[in-house]
Amino acid sequence: MERQLLQIFGVILAGGQARRMGGADKAFVALAGRPLIAHVLARLEPQVERVLISANGDPSRFAGFGCPVVADDRPQGPLSGVLAALIAASGMGATHVVSTPVDTPFLPGDLVPQLLLAAEASREGLALVAAGDGDHPATALWPVGLAPALAAYLAAGEAKVTRFTDAHAAARAYFADARAFLNLNTPEDLAAAEALLRGAA
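Residues numbered from 1 in each chain as written. Predicted model: local features only at pLDDT ≥ 70, side-chain atom pairs only at ≥ 80, totals over all residues. Heavy atoms only, no water.

## Quick word on the sheet that holds strand 6 (residues 50-54)
- Pairing in this open sheet of seven strands is mixed, and the strands run 7-6-1-8-10-9-11 from one edge to the other. Each edge of the open sheet carries a strand with a single partner, namely strand 7 (69-70) and strand 11 (171-175).
- In this fold helix 2 (residues 78-91) packs onto strand 1 (8-13), strand 6, strand 7, strand 8 (96-101) and strand 10 (134-143), with an angle of close to 150° to the strand it touches most, strand 1.
- Across the sheet, helix 3 (residues 111-119) is in contact with strand 1, strand 8, strand 9 (127-131), strand 10 and strand 11; its angle to strand 11 comes to roughly 140°. (Pairing = 2+ DSSP bridges. Helix = DSSP H or I, 4+ residues; strand = E, 2+ residues; numbered from the N terminus. Contact = heavy atoms within 4.5 Å. Axes fitted to C-alpha atoms, helices over the stretch in contact; angles between N-to-C directions.)

## Considerations on unusual backbone geometry
- Located in the positive-phi region is Ala32, a residue other than glycine, with phi close to 55°.
- Along the chain, Ala32 turns up in the loop between strand 4 (30-31) and strand 5 (34-35).
- When its relative accessible area of 42% is taken as the criterion, Ala32 is described as partly exposed.
- Phi angles above zero are rare outside glycine, and Ala169 is one such case at about 55°.
- On the secondary structure map, Ala169 appears in the loop between helix 5 (161-167) and strand 11.
- Its relative accessible area of 27% is what places Ala169 among the partly exposed residues. (Buried < 20%, exposed > 50% of the residue type's maximum accessible area, 1.4 Å probe, protein only.)

## Thoughts on helix 3
- Taken together, the buried positions of helix 3 are occupied by Leu111, Val112, Leu115, Leu116, Ala118 and Ala119. With its buried residues spanning 165° around the axis, helix 3 presents them on a single face.
- Of the surrounding elements, those touching the buried residues of helix 3 are strand 1, strand 8, strand 9, strand 10 and strand 11. (Arc of directions from axis to C-beta.)

The structure is reproduced here in structure tokens:
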């Protein structure tokens, strides 16, 4: 596919709860006075045509972010959100979706270009992030044409992200700084992120 014909949407996977931070909606956990989702949106939005939010429950809680909210048909983890986004984005004219969890506030500014470059080596155009600390398969570039295969995978009761990406020969976009994909799962992670933002680490 010609590069100029690509229409890349983003999806923020916001379905999780911050169980190790008191069980709150993780999207709204505060980092430096702003909800996590605001940090991720600020990093992702300039790199894509449009951003979707994958979340269940009352979509009105995201009204202030100006993004369509898509819900899972059958919640089975991150891949359910990816599938919902692929279906919705395809209907809006997208060719690809870049997914990322809501607790990754330091995404690099060249995330999407690097994923696109890596995907050229994949027979199905699928690429995921790899950094110094290993793979980050929930941060990935997904062609919308993979939706039927992903739907069948989930319908079979599967949910593991890497099993699907490996089966579809995902390429890897390598990033030197693993902190760019830091997941904030605990109060200690949140404190480390605050320190990074203050330039103290």
